[in-house]
Structure formats: structure tokens, C-alpha cells
Amino acid sequence: MIETLIFWALCLGFAASFVVQVWRRLRLVARAPGRLGFDRPALRVRRFLRDVVFQSRTIAGRPLAGFAHALVFWGFVAFAGYSSTEFLYGLGLADLRRTPFFEAYAVALVPFATACLVGILYLLVRRVFARPAGLGDHVSMESVVIAIFIAALMITFLLRFGLADGSVAGRVNWWTHMLVILAFLALIPASKHLHLVLSPFTVLLKSPVLGTVPNLDFEKEEVGTETLKDLSRKQVLDAFTCVECGRCQDNCPAFGSGKVLNPKKLILDSQDALLEGALDRRVVEVYDEGVLWQCTTCGACESQCPVGIEHLPLIIGARRGLVSNGEAPDYLGNVYNQLERRGNIWGLTYEARQKFIESAGLEIFDAAKHEYLVWLGCAGAFEADFQKALRALFDILRACGVRFGVLARERCTGDVAKRSGNEYMFQELATQNIEDFRASGVTKILTSCPHCLKTIGDDYRRFGFDADVVHSSVLVAEITRGLEPNVATVEPVTFHDPCYLGRYAGHVDEPRELLERFGGSVREPDRTRTNPFCCGAGGGLLFEEKEEGTRISDVRFKQLQATGAGTVVTACPFCSIMLKGAQASAQADTEFVDLMAFVNGRLQKAADPSAGAPSASAGAAPPAAP
Amino acid sequence: MKIAVCVKQVVSREWQLRVDESNTWIRDQDASYELNEPDAYALEEALRLKERHGGEVVVCSAGPARVSQVVREALARGADRALLVEDDRLVGADAFATASALAAALKDERCDLVLTGLQSDDSGFAQTGVVLAETLGLPHATIIMEVQVADGALRVKRELEGGWFQWIAMPMPAVLTIQSGINQLRYATLKGIMAAKKKDVKKVAAPDLAPQHEIVRLYFPEKAKATRLIDGAPADAAKELVRLLRDEARVIS
Ligand code: SF4
Ligand code: SF4
């Protein structure tokens, strides 16, 4: 009797402490603006099963630690019914422990408990002795305590089979088990272990598309995140969910090249400031100086985070608040003026685009005549190297009988404006382009630029524009499937996945299929496929000349060089610009070739029997004459 | 300090120029327009002076109804209010007519400083600022690279030919014509654009406009291909060629 009363008192006390601490955080979530999204529920539920129930994202990035975590997680889930039953018994409400079903359940838990124990001991050793960089400089004592608690839970559970229920040892064991659970309850809310409670929700609430940054509503005078109180509901929830695993940090190209930006710290800084109640603090005072402008929007952090935290809306939201107040860095202010006056990122007049259209023999898009509208983009209009790649694409399309045209007039899609936080400029450009698209009657758009792919294919959807948008690598892989290129040599190449193609759009197989089919043997660099290391151009950083630390492009170029392949194949005009810059400063003789030029070079050879002789540099074939 | 900035709306560089039927003006019905670039630098200089010395920036423009676009743009960038002389007769007006329209708007404003761009990207007379100064009875300086204000007086840096510069001390109020590229232009912010909607744009009636010149003909440079064959002995022909190149074509000296 007295035991039951004591247990009641303890339970109420610990539960109250839990509720008070959680309430403090949830109140901040509740008062934050913005709605929690739940569009495309089927996709979200599937992702929930994959990332929460099966722990696949946790395991994918770090197989060993991830699997150990999965063992602990599954152990916890398996124990839910057991612990509840013990609580009911302890509180004197019901004793279901003597039922045969419960006994069978307890026996079934033994393998779970053993696995969980192994998992947590591994994690403990890793944290205390191996100490991976992503976890921070010092050993978190709280994590050690939690690990010991979990181990104690499992040990006390296993001991129960050896100890008589009514014996003193049995009672002590029971009490230890229950007290540890209660202590756990008190520790969770103020620690990273709050993710136990919140992460199922953050994973469900994470936008289905990587890097989703909702449009600002100018009618409602939204200008972006100026102070902490402008953080959206999901962003506040995210701040309390971070499990401090450091996967975002490990994969961030800015952090990895010696810059101050650390996506993990960004989340934790938000958390600290929120808990301090500093809702009126401006974002530049919350985060370290300059970090908001160091992000390339590569998406690595957001896509690697195991608990569904979205860094991009946070970073871009804060950029918006600064841009709206005239606090963008000078190099971006310059780009904004170019966009405003000339409609493109380089501030050039569109005569050059007109000349290219004429010399490449392009037709103006006519919905009755053409299947595809080829979107040239800023690089297609002005950048000589990318124009070569586009000429190769046009050759392939013509060879395969695809009918296509281009718009008489284009403006920048607004990618740089969107990603760097100039929402007004983005919406101006987007609405005008969409007007032109609609007037042209287009239903299928083809682009060779992954940034245009993301902007037209995803961001424009929010304006109700839903034409199919496809990247050249995907379409060309499809239309050339029947062709048998006559390739005599196999050339080792390496492929640099553009972030906006591999990570954002998931197109990692099509470029490789093309390369393999057209005589390339692909050597994978470090950081590849859906988790590539950025080239450094995104988010407006193409225009930043004073990069802190090592240049991101230099780091990436070294990784590509290390494959030993003499040819780097790219599929994005901006990756190409950045990496060629890195190659020039490294004075390396690596060859660069756009994927389309690579394919076209081999196709031309196949079509022209006189050029059948093997050639080592076939991949760098010059563009066909216009 | 009260600073007025005069801005002009010019045909956008993107727009394909065409001459109208009268051969005295362009076919501007379907043209796109933008802020005259040198005026953008004048506006930026005014905003920077205001940031340094306090006061007010008043933007002033003269032209048909469509010029309100560049006025809005200036307000979005930070000008405090606008004066607009709206009159269709100002389309293609000469510097004298434009200056008298601007003067009508500015005469009662008692500005400390009036800035204009050095010249316009369309007709490029570089006269509006100078004539405006005379009309307002103010001193002026042209091709300004830097402006310093201290104790109610001005020190300005002028660009001369051949890479030379000159510092001039002058009294205020004054009119300055600003050279392009002297500062880094700010961009229009969302907050600025929102605030611009609420700023005051005062319409001022145009005075009697008395143009002082008339455009007689407007035309694209005529491409003439004139091939001339020089006869004679090679030595004489070569001499004649040199003479022609020097005296007629003037490509050598
Ligand atoms: S998007 Fe890329 S660059 Fe930006 S914080 Fe995340 S990982 Fe770092
Ligand atoms: S934000 Fe996500 S990936 Fe980064 S430390 Fe926190 S939980 Fe880990």
C-alpha cells in the first residue's frame, strides 16, 4: 500500500515536470505563425514508415551507428506495452502481469532488450571514445547519462527473469527499472532526447519536396524572417527536435570548406534564443555573422537530417528578412539590379541570345508544330561554353526527330532571387515568365539547367503552372535508348552530380546510363549520386568573389581529380563554371565536357563511318557546326 | 538638407529601336521604358548624402503619364516624396523645355542641392541640369565624381579629360550633374516597394513650354559601301591610297 502511494507521488511529480517542460516549448510552437503542411499525405506516410519505422535515413548515412540506433529505437517501441503494464501495476490500477499473454510478451522482448543493450553500449563507446567530429568537441554528459539509463532499463528487465517477484532483490530491481523510466521522463524535454517525442511529427510534417520555401504573401505584408518571432511553426518545432547528430554539419560543403556556417549550430542557436524568450531578437543577432550568406542551398543538410528538420526554409527565410530591409551583400544587390533592369543575372542585353538563336537555327516555339519548348536560361543566352552544350543537345534532338522550339523572349527563372531571399524579384520574374509560357500554349518544357528545372518544375507550381519540365539528361537517355552508338573506346570519366539534379530531382541513373552507353566508364568520386558535394555556385554564391576558407569548388575539384579519370562530365552550367575555375587555379589538365556534348560526340561518330577510328578524346568532341 | 533629384524615363536598351513615319522620333507606342542610368547614380548619391547628413530626398520628373513608373522606382529605393510634371508635350522635349518643366516644380521647394544625371541615355545633350541651374538662378558643376558637404558649403570632384580630376569649392544651394558609376547602386527592397505605395506624389502643372530647337530628321547611321578603284602605276596608286586614307577616310594621320 505504502509502496503504491509512493509510486503515485513519484509518477505525478515526474509527469508534472515533463508536462511543464514540454508545455514551455509547445507554447512557442503554438504561437508561431504559419500553418503546418500536410499535402500529399500518402507520400508523407510512406516516408514516415521508411524514415521512422524502418530508420532508413538514420542507417543510410552512418550504417553502423544508424543500425545501433535502430536497435535501440525498435527496443523502445517493443517495450511500450510492457512499461505501460508495469505502470498500471505500480499504480495499483490493474495487475496484468500474471496473464500468460504478458509472460509470452516478456519472453518475446528478450531479444529486443539484448539488441537494444548491444546497440546502446556501442553508441556509448562511440560517443565517449571514438568521438566523431559531428557530435561536437566535448562529450555530452547528458547523453552519457541517458545511455547508461537505457542500459540500466534493459539490464533490470533481463534480471527480472532470474529474481523472484516478491523477494527484496526483485523489488529493488523493479523499483530501479521504474525510477529510471521516471527520471528519463524528467530528462527528455530539456535535452536532445525530446526527439523521441517530436521527431515522428517533424518527419510527417516535413515538406514532400526538398527545399520547399513557401512564397511570401505580399498582400499580408510578409517580408520574411526579421526576428525570431517570424519563425514558422514548423521551424520552431524543428529547433526543439534536433538530435544533435551532426549529419548536416558533416555533409555541409560550407562547413566542410572551413566556413563559419554550420547547419547544426543554426538550429541549436534558434533553440537557445527561443528558450531565452528572445523573440524580438533580429536574425543577425541570433546566428553568427555572415553565416546566412555562406549557404549554397545545396540541400545536403535537409536531405540528410534523420528527424525531418528543414534548414532551407530557415536560411532562406532569414535571408528574405535581410534582403527586404536592404541588407543583402553588395554582390547580390548588384545581381538584383541586373535582374530588375535586364531580366538576367549578368545584366546583359538579350541581343546575344538572339544571335545564338539565329546561329543555332532555332525556331520560335509553336504549340501546333513543336512538342518541346527548350528553355535556354541565362547561361543558354549568354555563356559560350553552355551554348556549345546546348548545340549538342539540339543535334541529338534533331537526330532523334524531336520537334522543339524556344521562346522569343526569356527572363531569368528567378532561381538566384528565390534562393538568395529576394522573393519580390523572384515573383516578378516568375509571373512574367508564366504569362509567356501560358501564351505559348506549352505543355512540355526541356531544360539543360538543373536550377531552371527546380524553379520552373517545382517553384512555379505554386503559381498554378503545371507543365511537365524535364532535364535534358532524362529525355536524352530515353530517346537514344534505341540507338546503338558505335563506340570503339571506353574512356574513364567521372560524373559530378549537380545538387539540383541528383539531390533535388533524384536523377542519378539517367546520366550514368548515358555515359555507360556512350563509351564512358564511370568512376564515382567521394560524395556522389543523391548526396554530392556542392560545386559552390548555388544560392547566389556564383557571384561571391571573396570566399572564406577554402573555395568549395576547389574541394570538389580535388575529389573529382582523385578518381583518376581525366575527364569530368558535368550537367549544369554553373557547376561547369565553378569547377573549371577550380581546375584553372589548380593548373590541372583535367578535361571538362557537358553530358550532352559527350553523348553527341559519340553519336556523331556512330553516324559518320569515316570517323570510325578510335580516338582517345572522343568525349571532348567539338560542337557540330550550326 | 533637402535634396532634389531629377530623373528621366528613357526607352529600355532591350527595345528594338524603330523610327516613326515622320522621321523625327521613334515609334514609341510599344516601347518598354526604364530609369535613365546616370539618374540612378544621382539618386543613389542623394540617398547617401541624406544618410550622412539627414534631411529629405525629393524626386522630380517631367514627361507623359508613363513616367510615374520611374518615380515609383525612385520612391521604392528610398526617396521621400515626388514631384511630377505630367504633360504629353514633354515627349521628346528638348533640354530647355524639360528644364523649364522641372524648374516649375522645384522653384518653391528651396532645395539645398539639386542633382541630375550627367546626361540621358536617349538624346544625351547633357544640358538639362545646366539649363535647370540657370533657370533656377543657382550655381552648378558638371561631371561630378564625389560630393562633400561641410558647414553649408560644397566641395565636389569633377572629372576632366585625359584622366584628370579637379576639386571645386562652391556655395549651396547648387545644381550638380552626376557621372555614372560613382557609387554602388542599391536595389529596390520589398519594404521600400511597400512603403513607396504610401508616399506622396504631387502633380505640378507644366509651364508654357517653349522648345528651343526642333528635330529635323532622325535616322540610323547609313551604311554606305563605296568601293573605289584606283588606277595607275602601283607606286602612284599606293600614294593616292595613302592620301585618300589620310585626308578623306581619315583613318590614318
Ligand atoms: S544547404 Fe548545403 S550549404 Fe546550406 S547549410 Fe545546408 S548543407 Fe550547408
Ligand atoms: S539538424 Fe538534423 S542532421 Fe543536423 S544535427 Fe540536428 S538532427 Fe542532426
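This is a predicted model, so every value here is computed, not measured.

So, on to the pattern of salt bridges. All names here are of chain A. For the structure on display, the rule yields 58 salt bridges over all chains. The salt bridge partner of Arg-98 is Glu-103, with a shortest N-O separation of 3.7 Å. Arg-529 is the salt-bridge partner of Asp-509, the closest N and O atoms lying 2.8 Å from each other. Here Arg-529 lies in the loop between strand S6 (520-522) and helix H26 (552-561) and Asp-509 lies in helix H25 (residues 509-517), a separation of 20 residues in the sequence. Through salt bridges with shared partners, a single ionic network connects Asp-415, Arg-419, Lys-454, Asp-458, Asp-459 and Arg-462.

In terms of nonpolar packing, the biggest core is built from 172 residues, with Tyr-287 and Phe-437 of chain A touching the most fellow members. Once you skip the residues sitting within four places of it in the chain, Phe-437 of chain A turns out to touch Leu-373, Trp-375, Leu-407, Val-442, Ile-445, Ile-456, Tyr-460 and Phe-465 of chain A. Grouped together as the second largest cluster of nonpolar side chains are 40 residues, Ala-79, Leu-84, Val-156 and Ala-196 of chain B included.

All names here are of chain A. The assigned domain composition of chain A is domain 1 (2-204), domain 2 (218-324), domain 3 (333-473) and domain 4 (479-611). Once you take the C-alpha centre of each, domain 2 and domain 4 turn out to be 31 Å apart. Of the residues lining the interface, 20 residues belong to domain 2; the matching set on domain 4 comes to 18 residues. Ranking the residues of domain 2 by area buried against domain 4 places Lys-259, Thr-296 and Cys-298 at the top, with a combined share of 33%. The tally of links from domain 2 across to domain 4 stands at one salt bridge. As a salt-bridge pair, Glu-547 and Lys-259 come within 2.9 Å of each other at their nearest N and O atoms. The interface formed by domain 2 and domain 4 contains 12 residue pairs in polar contact (both at pLDDT 80 or more). Mapped onto the side of domain 2 that touches domain 4, the elements with two or more residues apiece are helix H10 (247-251), helix H11 (253-256), helix H14 (300-304) and helix H15 (311-324).

Here we take up the pairing of strand S1 (residues 2-6) of chain B. Residue and element names in this part refer to chain B. Counting buried residues in S1 gives five out of five residues, a clear majority hidden from the surface. Strand direction decides the pairing type here: S1 and strand S4 (residues 56-63), joined by five bridges, are parallel. Each bridged residue has a counterpart across the sheet, and for Ala-4 the counterpart in S4 is Val-58. As paired elements, S1 and strand S6 (residues 113-117) share four bridges and run parallel to each other. The residue bridging Ile-3 from the neighbouring strand is Leu-113, located in S6.

All right, on to the site of ligand 2 then. What surrounds ligand 2 is a group of 13 residues, the closest being Cys-242, Cys-245, Gly-246, Cys-248 and Cys-305 of chain A. In terms of residue class, the shell around ligand 2 is built from eight nonpolar, two polar and three charged.

Quick look at the sheet that holds S6 of chain A now. All names here are of chain A. If you walk across this open sheet you meet the four strands as S6-S5-S7-S8, and the pairing is parallel. Looking at strand neighbours, the two that pair on one side only are S6 and strand S8 (591-594), the edges of this open sheet. Ignoring strand direction, the axes of neighbouring strands in this sheet form an average angle of 40°. Of the pairings in the sheet, the one linking strand S5 (residues 491-495) to S6 comprises three bridges and is parallel in character. Within S6, the position partnered with Val-493 by the bridge is Val-522.

The next thing to look at is the domain arrangement of chain B. Examined at the domain level, chain B breaks down into domain 1 (2-204) and domain 2 (223-253). Between the C-alpha centres of domain 1 of chain B and domain 2 of chain B the distance comes to 47 Å.

With 96% of its residues at a pLDDT of 70 or more, chain A shows a mean pLDDT of 92. Predicted confidence is poor over residues 609-626 of chain A, with pLDDT under 50, and the contacts of this stretch with residues over four places away or in other chains come to 25 contacts.

Before going further, it helps to spend a moment on the interface of chain B and chain A. Counting residues at the interface gives 20 residues for chain B, matched by 26 residues for chain A. For the pair chain B and chain A, the summed buried area comes to about 1800 Å², and 49% of that belongs to carbon and sulfur atoms. Taken as a group, Glu-14, Tyr-187 and Leu-190 of chain B account for 39% of the area that chain B buries against chain A, more than any other trio of residues on that side. Between Glu-226 of chain A and Lys-191 of chain B there is a salt bridge, with its nearest N and O atoms 2.5 Å apart. Joining chain B to chain A, the criterion identifies 16 residue pairs in polar contact (both at pLDDT 80 or more).

Put simply, Met-172 of chain B and Pro-173 of chain B share a cis peptide bond, and its omega is -5°. Along the chain, the position of Pro-173 of chain B falls in the loop between strand S9 (165-171) and strand S10 (174-178). Phi angles above zero are rare outside glycine, and Arg-529 of chain A is one such case at about 55°. Given a relative accessible area of 32%, Arg-529 of chain A falls into the partly exposed group. Within the chain, Asp-151 of chain B stands out as a residue other than glycine whose phi angle is a positive 50°. Counting through the fold element by element, Asp-151 of chain B comes out in the loop between strand S7 (140-150) and strand S8 (153-159).

A few words now on the site of ligand 1. All names here are of chain A. Around ligand 1 lies a shell of 13 residues, among which Cys-252, Cys-295, Cys-298, Gly-299 and Cys-301 are the nearest. Of all the secondary-structure elements, those providing two or more residues to the shell around ligand 1 are H14 and H15. In the shell around ligand 1, the residues fall into 10 nonpolar, three polar and no charged.

Reading the values: rules and limits
- Residues numbered from 1 in each chain as written.
- Chains lettered and ligands numbered in written order.
- Predicted model: local features only at pLDDT ≥ 70, side-chain atom pairs only at ≥ 80, totals over all residues.
- Heavy atoms only, no water.
- Salt bridge = Lys/Arg side-chain N within 4 Å of Asp/Glu carboxyl O.
- Helix = DSSP H or I, 4+ residues; strand = E, 2+ residues; numbered from the N terminus.
- Core = buried A, V, L, I, M, F, W, Y, C linked by side-chain atoms within 4.5 Å.
- Buried < 20%, exposed > 50% of the residue type's maximum accessible area, 1.4 Å probe, protein only.
- Contact = heavy atoms within 4.5 Å.
- Domains from an automatic or database assignment.
- Buried area = accessible area lost by both parts, 1.4 Å probe.
- Polar contact = N/O pair within 3.5 Å; in protein donor to acceptor, adjacent residues only side chain to side chain.
- Pairing = 2+ DSSP bridges.
- Near = heavy atom within 4 Å.
- Nonpolar A, V, L, I, M, F, W, Y, C, P; charged D, E, K, R; others polar.
- Axes fitted to C-alpha atoms, helices over the stretch in contact; angles between N-to-C directions.
- pLDDT = per-residue confidence, 0-100.

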